[in-house]
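One letter stands for each residue in the lines below.
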Amino acid sequence: MNLKSISTKRPVLIALAMLVVATLSAFLLFRNSSQEHATYRQDNADRAKKAPGQVATTETTNDTTAQKTDSPRIEFYTSTMMPGEVSQTPRKDSMGMEMVPVYESEGSMLELSEHARAMASVETAPVQRRKMSREIRVVGKVQYNETALANITTRVEGYVERLFVDYTGIEVKPGDHLVEIYSPDLLVAQQELLVALESQRNPTVVESAKRKLLLWGLTQEQVDDLVRDKKVSDRITLYSPIQGTVTEKMVVQKAMVKPGEMLYRLANLESVWVYLDIYEYELPWVQYGQMVEIKSEALPGQSFTGRVWFISPVLNEETRTVKVLLNINNTEKKLKPGMYVSAVIRAELLADGKPAPTGVEGQWSCPMHPLVIQPQAGQCPVCKMTLVQIPGTPTGAKLDGEHLLLAVPVSAVLDSGVRKLVYVEKAQGQFLPVEIVTGPRTDDSYPVLSGLNEGEKVAVRGNFLLDSQLQIRGLPSLFYKEGQAAVAGHQHAGASAPATPPANGAKPQGHDQHKH
Ligand SMILES: [Zn+2]
């Protein structure tokens, strides 16, 4: 349990660790290429402006405008070590490192040379349409089918005279004798009935004498025999009410038993229940009627299937799990109560990321006996209650095409917890961060709800590096939707600015002030 709860936090930790590593390596990796880049661009900029110190301040000459197409203007300089530290003039940052220029037209598009791309190990994969399913692996425990249990208790006081079933594990059928009890009280009660019959006194006395014997566990047939044959017996035999296995035996030869004492516990093992503990975050994919495959280490190479027929309405607050119940056919009695099993629930997904119908939708079931599933309305064969229809669209309505979902690999998605970003390769070596909306994560991918098209190539490796490079340059990146230039702009203007990106989508004001 604990292991699993820790593992849910792991992706976040890994993501943070990767980001730190990526930021550092991005600095080392892109430092050279940025500087080369800078030199090349700086040449152009120098041609446009006499003094480098005046770049992007008050001067916006015609030259710059003329050269805009092939050599973009430097918008500002940014520190490679201290994200958010920017300057309008080339200078060293607070750590003494040369700042690198950020060009106006760069936007959020990141251009990588073949060399840089290889160094960053950037790999891409196309966004594809495919079938998606969510697999939940969980452990469970075999339990008795609670509806097929019987306790054998005695209703009379007496002594165990004969034990027909004298060890646990015996299979019994309905009507099989289990134990014979010698009971003096029973003898007295039978004689009372005979006396009442002979004296012909009061029919109510006869009736109450008969009822006493019935209440003590005699069958109507035995009472009738007694009335007819007048043969009293000081013995009473207890019979099995169900077909099943003796799972517990509390009685021994010659023991004294008292009314209400339990002698045997019987269970029918031809069907067993399996309880699965499903974590709350897995619940969206578990639904009534789903087929589940289970395996036990005690039965190598064998698997069993059963339907989810009950999902507990309450959550266990200690384990953060919900009990889900399967009913498994066990006519060969291979599954034994108490066994641990591993289960796999496989939910096929629809386009919106929700699980596909299980096939029982639209059929009829009993609220008391969820195992009863019928195609037509009617009465429960067990308890005669009126059947209710299972909600949902009948399976016949679903189309195969609906199951092909636009899938993006999990490794392509940078998740800040608030938004998800992928890096799309728009042209060879040109990466653009794109915010996407996804459905819930499946095994290795997310269903894309918006933001991507089929066939687009996304970075599945090196994307943290790409993102940190944008972050270093103060451009919009995973954690800074608007980039950090806005914050830095205020700093440059002399105002104390918070170290957070602006909440609204407004363009940074600081630079505009300088430009005009
Ligand atoms: Zn019923």
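Residues numbered from 1 in each chain as written. Predicted model: local features only at pLDDT ≥ 70, side-chain atom pairs only at ≥ 80, totals over all residues. Heavy atoms only, no water.

1. What to know about the environment of Arg 129
In this structure, Arg 129 sits in strand S6 (residues 128–131). Taking the C-alpha atoms as reference points, Arg 129 and Asn 453, 324 residues apart in sequence, are found 9.6 Å from one another. (Helix = DSSP H or I, 4+ residues; strand = E, 2+ residues; numbered from the N terminus.)

2. Here we look at the coordination of the zinc ion
Protein coordination at the zinc ion: the donors are Cys 366 (SG), His 369 (ND1), Cys 380 (SG) and Cys 383 (SG), at 2.0 to 2.3 Å from the metal. In terms of primary sequence, the donors binding the zinc ion are separated according to C-x2-H-x10-C-x2-C. Of this pair, Cys 366 sits in the loop between strand S21 (364–365) and strand S22 (373–374) while Cys 383 sits in the loop between S22 and strand S23 (388–389); the two residues are 17 residues apart in sequence, bridging distant segments of the chain. Since its relative accessible area comes to 30%, Cys 383 is described here as partly exposed. (Donors = N, O, S within 2.8 Å, 3.2 Å for Na, K, Ca; no water. Buried < 20%, exposed > 50% of the residue type's maximum accessible area, 1.4 Å probe, protein only.)

3. Quick notes on the environment of Tyr 288
Position of Tyr 288 among the secondary structure elements: in the loop between strand S16 (271–279) and strand S17 (291–295). Accessibility expressed as a relative area gives 21% for Tyr 288, which makes it partly exposed. With 37 residues separating them along the chain, Tyr 288 and Leu 325 place their C-alpha atoms 9.6 Å apart.

4. Looking at the sheet that holds strand S9 (residues 158–163)
In any sheet, the strands associate via hydrogen bonds between backbone groups, in a parallel or an antiparallel arrangement. In spatial order, the strands read S12-S11-S9-S14; together these four strands make up an open sheet with antiparallel pairing. Either end of the sheet is taken by a strand with one partner, and the two such strands are strand S12 (235–239) and strand S14 (256–257). With four bridges connecting them, S9 and strand S11 (residues 177–182) associate as antiparallel partners. Residue pairing for S11: Leu 163 is matched across the bridge by Val 179. (Pairing = 2+ DSSP bridges.)

5. Looking at the pairing of S17
What you see with S17 is a clean split: Val 292 and Ile 294 sit on the buried side and Met 291, Glu 293 and Lys 295 on the side with no burial. Alignment of S17 against strand S18 (residues 303–316), held across five bridges, turns out to be antiparallel. Following the sheet pairing, Val 292 is matched in S18 by Gly 306. Where S17 lies against strand S20 (residues 340–348), four bridges are found, and the strand directions are antiparallel. In the strand pairing of S20, Val 292 is matched with Ile 345.

6. Quick notes on the pattern of salt bridges
Tallied over the entire structure, the rule returns 21 salt bridges. We note a salt bridge from Arg 137 to Glu 135, for which the minimum N-O separation is 3.1 Å. Of the charged contacts in the structure, one is a salt bridge between Arg 235 and Asp 234, with a shortest N-O distance of 3.2 Å. Using a relative accessible area of 33% as the deciding quantity, one classes Arg 235 as partly exposed. Where salt bridges share partners, they join Glu 161, Glu 180, Asp 234, Arg 235 and Lys 254 into one cluster. (Salt bridge = Lys/Arg side-chain N within 4 Å of Asp/Glu carboxyl O.)

7. Describing a nonpolar patch on the surface
A surface patch of nonpolar side chains, about 250 Å² in accessible area, is lined by Met 81, Met 82 and Met 95. Relative to the assigned elements, Met 81 resides in the loop between strand S1 (74–78) and strand S2 (86–87). (Patch = residues over 30% accessible without salt bridge, like charges linked within 9 Å, V, L, I, M, F, W, Y side chains within 5 Å. Areas by Shrake-Rupley, 256 points an atom, 1.4 Å probe, with all protein chains shown as cover.)

8. Some words on unusual backbone geometry
Phi is positive for Lys 254, close to 65 degrees, though the residue is something other than glycine. Secondary-structure assignment places Lys 254 in the loop between strand S13 (244–249) and S14. Overall, Lys 254 belongs to the exposed group, its relative accessible area being 56%. One non-glycine residue, Lys 333, adopts positive backbone phi at about 55 degrees. With respect to the helices and strands, Lys 333 occurs in the loop between strand S19 (321–329) and S20.

9. Focus: the pairing of S16
With respect to burial, S16 is a largely interior element, nine of its nine residues being buried. Both faces of S16 are covered, namely the face carrying Ser 271, Trp 273, Tyr 275, Asp 277 and Tyr 279 and the face carrying Val 272, Val 274, Leu 276 and Ile 278. Here five bridges tie strand S7 (residues 133–144) to S16, and the two strands are oriented antiparallel to one another. Note on S16: the bridge partner recorded for Val 142 is Val 274.

10. Section: helix H4 (residues 184–199)
One turn of the α-helix equals 3.6 residues, which is why residues spaced by three or four share an orientation. Helix length check: H4 (16 residues) gives 23 Å between terminal C-alpha atoms against 22 Å at 1.5 Å per residue, within 8%. Those residues of H4 that sit buried are Leu 186, Ala 189, Gln 190, Leu 193, Leu 194 and Ala 196. Buried residues of H4, viewed axially, fall in a sector of 160 degrees; they line one side. Among the exposed residues of H4, those oriented more than 90 degrees off its buried face are Val 195 and Glu 198. Lining the buried residues of H4 we find helix H5 (203–215), helix H6 (220–229) and S12. (Expected span 1.5 Å × (residues − 1). Arc of directions from axis to C-beta. Contact = heavy atoms within 4.5 Å.)

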